[in-house]
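# Coordinates in review
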2 protein chains.
Amino acid sequence: MPASNPAPSSNAPASSATLNVAIAGATGAVGQEFLRVLEQRNFPINELRLLASSRSAGKSMTFAGKDLVVRDLAEETFEGIDVALFSAGGGISKQFAQKAVDAGAIVIDNSSAFRMTPGVPLVVPEVNPEAMADIAIGSKPGIIANPNCSTIIALVAVTPIHRAAGVKRMVVSTYQAASGAGAAAMAELELQTREVLEGKPPTCEIFDRQYAFNVFSHNSDIGPEGYNTEEMKLVRETHKIWNQPEDQQTAITATCVRVPVLRAHSEAINLTLDKPLTEQQALAIFEEAPGISIIDDRDANRFPTPLDASDRDDVYVGRIRTDISQPGNTGLDIFICGDQIRKGAALNAVQIAEQLL
Amino acid sequence: MPASNPAPSSNAPASSATLNVAIAGATGAVGQEFLRVLEQRNFPINELRLLASSRSAGKSMTFAGKDLVVRDLAEETFEGIDVALFSAGGGISKQFAQKAVDAGAIVIDNSSAFRMTPGVPLVVPEVNPEAMADIAIGSKPGIIANPNCSTIIALVAVTPIHRAAGVKRMVVSTYQAASGAGAAAMAELELQTREVLEGKPPTCEIFDRQYAFNVFSHNSDIGPEGYNTEEMKLVRETHKIWNQPEDQQTAITATCVRVPVLRAHSEAINLTLDKPLTEQQALAIFEEAPGISIIDDRDANRFPTPLDASDRDDVYVGRIRTDISQPGNTGLDIFICGDQIRKGAALNAVQIAEQLL
């Protein structure tokens, strides 16, 4: 039997040194990553409360060498919680996030439920920490939305260029991993791959098609413009994070595609700039920028791959080159990779919490 | 023992009904596909002469129910050959193609050796058959170059749009299969995948890195512009095939990436058009265009995948949508898939030969 959880904290706010943290959706791919990230970063935790559906309640998970029992989210009061990290889907966030805020918590929500809600900050800490100025631990509760994984990874890389030269237009093609669809999708990709190698028909439960040795247009709904939801998130979330009024928005198009990779997304990004920027200037900007590692060795033909980025915090940037299709250094091509579960979800949320400390 | 080859033909040209065909590089991935394509299309063959390196000479291959013995390319005279299909690498083409032409043959060369040579037609039959007007079977021998796989697949899809609305600029991101690096690369991807699933380190002989469950920038040399050879082929071959003088060339940028797929390439293509074109007009153009199948079901979320295109002749086109990042229907996004070995190589070459008949 796992040891029982630490005693529930009192209603008093945690000391300035430690926080009471809840994870809603603790047993999912991102939920499990929350535990790893919080532990690795020595996040100052007083109590860690793990929450999930009643189906998962009673399970045990390990944090910092201790076994913690998962509790039923539906029965949670969020009493005494300073920060609640939500990653259990939009429906759960809509149902429980406000309850946590009403109990005095700051919710950092990994779902799409509140991202485009006016007044809810949508934050990549390297990009727009100022957006959450009206939220403070212990005194000003509220919801902060974690952007979609593809948006986070793109904007860590592109924002420093945007600040230096202004991104007028952006064409993005993604190479997205299974992890974006959850732990079960990762398992299905592995299972399908084994089956296909054995000449058996692939199991199609999470994805309704063969994913092994295949790529396919992102399996999110297609809207009236012909863009899928994943693509429109990249467009609209970028405008919100960059705080662009409607008449000054960067023009963005995206094609989001799944590739048979487990947990890191890649993106080929083509930029049209307001002001000329040389390749060397771009490289210097990436070298100075937070959250970026550069892999760009043309002689050795080494550039970022999703395996390089897997289990890493940084967004990897490479193939940095002046776009020959645009005049006078006003175009730039890059290829980037970032861990979808980590920087694309759990790490970004924890960095938001760190920013609040 | 396989039956011996048909008796060598006389020096006289084959009758108008049948041709004497040689395949240089018969045992490779594309070479094997040549045999399948010629047989499936009932190409009018009198004699089929299979040629390869001395290492493969003496092996037997089956064509139309007959076993044929592979002969040593180095000892070949090409006497009596009408059409020689070369797919044994640029070095072999440089060494032997002129010899075949001198013997009266038309060489259809799948390597990059002669693609950019002035006077050598670079042909996609759906696009620019007129480029080979100066070559005729039996009377006007010469070399015809088969474009690179990514170029062929892109131009089958994009040329009809270019004719209707003028493509001013093109941004291409590729999702390329193992087959582009040959049969051994396909085998290595399968082997690596098995190894990774078993927790073993992957065998890296063809590719010097893990390809299974990974994507990486195309493993061709990087030139002074920072573009790899594969990317520059797409740029320069397009200009040649579209017969564009230097001051009227379509602006093209490309990011070429390998994905763990066996034999069909995919490409996300963003177009900037000279003249507005609606989504509906684009769809109607694709419906009329040769060599194209459309998969574009937004409700069912069905679009082209490399598995759809594998072992198929057509280029599959989908995700046809007006680019929201460009004004007034002057931008178009598409996602296409084509069999790399087939339309990207063997089929295109055989279609060139058919065009000459």
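Residues numbered from 1 in each chain as written. Chains lettered and ligands numbered in written order. Predicted model: local features only at pLDDT ≥ 70, side-chain atom pairs only at ≥ 80, totals over all residues. Heavy atoms only, no water.

## Notes on the overall build of chain A
Note the threshold: In this text, helices come from DSSP runs of H or I with a minimum length of four residues, and strands from runs of E with a minimum of two, each type numbered from the N-terminal end. Radius of gyration means the value over C-alpha atoms here, while the globule rule gives 2.2 Å times the residue count to the 0.38 power. Any residue under 20% of the maximum accessible area for its type is buried, any over 50% is exposed, and the rest in between are partly exposed; the area is computed with a 1.4 Å probe on protein chains only. Contacts are residue-level and defined by heavy atoms, with any inter-residue pair within 4.5 Å sufficient. Throughout, the Shrake-Rupley method with a 1.4 Å probe supplies accessible areas, and for residues the shown protein chains are the sole cover considered.
In terms of regular secondary structure, chain A is built from 8 helices and 16 strands. Taken over the C-alpha trace, chain A has a radius of gyration of 21 Å; the compact-globule value for 357 residues is 21 Å, and the two agree within 12%. Its C-alpha atoms give chain A principal-axis dimensions of roughly 65 × 55 × 45 Å. Residue burial in chain A is summarised as follows: out of 357 residues, 60% are buried. Restricting the contact set of chain A to residue pairs at least 6 apart, pairs at least 24 apart contribute 69%. Accessible area of chain A: about 13100 Å², with a carbon and sulfur share of 49%.

## Thoughts on the pairing of strand S7 (residues 106-109) of chain A
All names here are of chain A. Just so we agree on the cut-off: Only when DSSP finds a minimum of two bridges between them are two strands counted as paired.
Side chains Ile106 and Ile108 of S7 all project onto a buried face; the interleaved residues Val107 and Asp109 project onto the opposite face, where all are buried too. Where strand S6 (residues 83-86) and S7 come together, 4 bridges link them in parallel fashion. Paired with Leu85 across the strands is Ile108, a residue of S7. One ladder, built from 4 bridges, connects S7 with strand S8 (residues 142-145); its direction is parallel.

## Some points on the packing of aromatic side chains
Note the cut-off: Note on ring pairs: Phe, Tyr and Trp rings are taken, using the six-membered ring of Trp, and paired if centres are within 6.5 Å. Classes follow the plane angle, with under 30 degrees stacked, over 60 edge-to-face and the rest tilted. Whether a charge lies above a ring is judged from NZ of Lys or CZ of Arg, which has to be within 6 Å of the ring centre and within 35 degrees of the ring normal.
If you walk through the whole model with that rule in mind, you get 11 aromatic pairs over all chains. With a centroid separation of 4.1 Å and 25° between ring planes, the pair formed by Tyr175(A) and Tyr175(B) is classed as stacked. With Tyr175(A) in strand S9 (residues 167-175) and Tyr175(B) in strand S9 (residues 167-175), the pair connects residues from two separate chains. On the basis of relative accessibility, which here comes to 0%, the residue Tyr175(B) falls in the buried class. Residues Phe78(B) and Phe86(B) carry aromatic rings whose centres are separated by 5.8 Å and whose planes lie at 20° to one another, so their mutual orientation is stacked. By relative accessible area, Phe78(B) is classed as buried at 0%. Among the aromatic residues, ring-to-ring pairing joins Tyr175(A), Phe335(A), Tyr175(B) and Phe335(B) into one connected group. Its guanidinium or amino end placed over the ring of Tyr227(B), Arg321(A) lies 4.7 Å from that ring's centre, counting from NZ or CZ. Positioned above the aromatic ring of Phe303(B) is the side chain of Arg319(B), whose terminal nitrogen or guanidinium carbon lies 5.2 Å from the ring centre.

## Some remarks on the relation of the copies chain A and chain B
What connects the two chain copies is a rotation about an axis and a shift along it. For the record, the criterion: To superpose the copies, least squares is applied to the C-alpha atoms of every residue with a pLDDT of at least 70 in both.
Superposition of chain A onto chain B requires a rotation of 180° combined with a translation of 0.0 Å along the rotation axis, giving an RMSD of 0.0 Å. Expressed as a symmetry operation, the mapping of one chain copy onto the other fits a two-fold axis.

## Structural notes on the side chain of Glu76(B)
Residue and element names in this part refer to chain B. The test is simple: N or O atoms within 3.5 Å of each other form a polar contact, as long as, within protein, one can give a hydrogen and the other can take it, and as long as residues adjacent in sequence are counted only when both atoms are side-chain atoms.
Counting through the fold element by element, Glu76 comes out in the loop between strand S5 (71-72) and strand S6 (83-86). Assessed through its relative accessible area of 3%, Glu76 is described here as buried. Within the structure, Glu76 has its side chain in polar contact with the side chain of Arg49 (distance 2.4 Å). Beyond its immediate chain neighbours, meaning those up to four positions away, Glu76 contacts Arg49, Leu51, Arg71 and Lys99.

## Side note on the domain arrangement of chain A
Size of an interface, as often reported, equals the accessible area lost when the parts are brought together. Residues and elements named next belong to chain A. Spelled out, the test is: Where each domain starts and ends follows an automatic or database-derived domain assignment. What gets called buried area is simply the loss in accessible area from a 1.4 Å probe that two parts show on being joined, summed for both. One side-chain nitrogen of Lys or Arg within 4 Å of one carboxyl oxygen of Asp or Glu is enough to make a salt bridge. Residues are grouped as follows: nonpolar covers Ala, Val, Leu, Ile, Met, Phe, Trp, Tyr, Cys and Pro; charged covers Asp, Glu, Lys and Arg; every other residue, Gly included, is treated as polar.
Entries for chain A in the domain assignment read domain 1 (19-146 + 345-356) and domain 2 (151-339). In this complex, domain 1 contributes 19 residues to the contact, which on the side of domain 2 involves 17 residues. Between domain 1 and domain 2, the buried area comes to about 1500 Å², and carbon and sulfur atoms account for 63% of it. Taken together, domain 1 and domain 2 are joined by 3 salt bridges. Across the pair Arg41 and Asp313 runs a salt bridge whose closest N-O atoms are separated by 3.4 Å. Only helix H1 (29-40) and helix H8 (342-356) provide two or more residues apiece to the side of domain 1 that touches domain 2. Looking at the side of domain 1 that touches domain 2 residue by residue, the classes come out as 9 nonpolar, 5 polar and 5 charged.

## Here's the deal with the UniProt feature "binding site: substrate" (unreviewed entry) in chain A
All names here are of chain A. Just so we agree on the cut-off: UniProt positions are given in the numbering used here, feature names are shortened, and annotations may be inferred rather than shown by experiment.
Those places that UniProt annotates as "binding site: substrate" (unreviewed entry) correspond, in this numbering, to Gln176 and Arg258. Taking the farthest pair of C-alpha atoms as the criterion, the annotated set spanning 83 residues converges on one region, since that pair is 4.5 Å apart. Among the secondary structure elements, Gln176 is positioned in the loop between S9 and helix H4 (183-197). Beyond its immediate chain neighbours, meaning those up to four positions away, Gln176 contacts Ser150, Tyr211, His218, Glu230, Cys256, Val257, Arg258, Val259 and His265. One polar contact links Gln176 to Ser150, side chain to side chain, over a distance of 3.3 Å. The topology assignment puts Arg258 in strand S12 (residues 257-258). Its relative accessible area of 3% is what places Arg258 among the buried residues. Not counting the four nearest positions on each side in its chain, Arg258 is found in contact with Gln176, Ala177, Ala178, Gly180, Ala181, Phe207, Tyr211, Asn214, Val215, Phe216, His218 and Asn219.

## What to know about the state of the cysteines
Joining two cysteines, a disulfide is a covalent bond between their sulfur atoms. To be explicit about the condition: Put simply, a disulfide is two cysteine sulfurs that come within 2.5 Å.
Taken as a whole, this structure holds 0 disulfides over all chains when the rule is applied. The structure places no disulfide on Cys204(A), whose sulfur is separated from the nearest cysteine sulfur, that of Cys337(B), by 17 Å. Overall, the relative accessible area of 35% leaves Cys204(A) in the partly exposed class.

## A word on unusual backbone geometry
Residues and elements named next belong to chain B. At Phe213, a residue that is not glycine, the phi angle is positive and equals roughly 55°. In the Ramachandran plot, Asn301 falls in the positive-phi region, its phi being about 55° despite a non-glycine side chain. Assignment of secondary structure puts Asn301 in the loop between strand S14 (292-294) and helix H7 (306-309). Asn301 gets classed as buried once you look at its relative accessible area, which sits at 10%.

## Section: the UniProt feature "binding site: NADP(+)" (unreviewed entry) in chain A
Residue and element names in this part refer to chain A. In the numbering used here, UniProt assigns the "binding site: NADP(+)" (unreviewed entry) feature to Thr27, Gly28, Ala29, Val30, Arg55, Ser56, Ser179, Gly180 and Gln340. Across 314 residues of sequence, these annotated residues are also dispersed in space, with a maximum C-alpha separation of 25.6 Å. Of note, Val30 is situated in helix H1. With sequence-adjacent residues up to four places away left out, Val30 is seen in contact with Ser87, Asn110, Ile341, Ala345 and Ala346. Within the secondary structure, Ser179 is located in the loop between S9 and H4. Beyond its immediate stretch of four places on either side in the chain, Ser179 contacts Met186, Leu262, Arg263, Gln340 and Ile341.

## Details of the sheet that holds strand S16 (residues 331-339) of chain B
Residues and elements named next belong to chain B. We count it as follows: Structural elements are reduced to axes, namely lines fitted to C-alpha atoms, with helices fitted over the stretch in contact, and the angle between N-to-C directions of any two is expressed from 0 to 180 degrees.
An order of S11-S9-S13-S16-S15-S14 is seen for the 6 strands of this open sheet, with the pairing classed as mixed. Among the strands making up the open sheet, the edge pair consists of strand S11 (251-255) and S14. Recorded for the sheet is a direction-independent mean angle of 25° between the axes of neighbouring strands. Where S14 meets strand S15 (residues 315-322), 3 bridges bridge the pair, whose relative direction is parallel.

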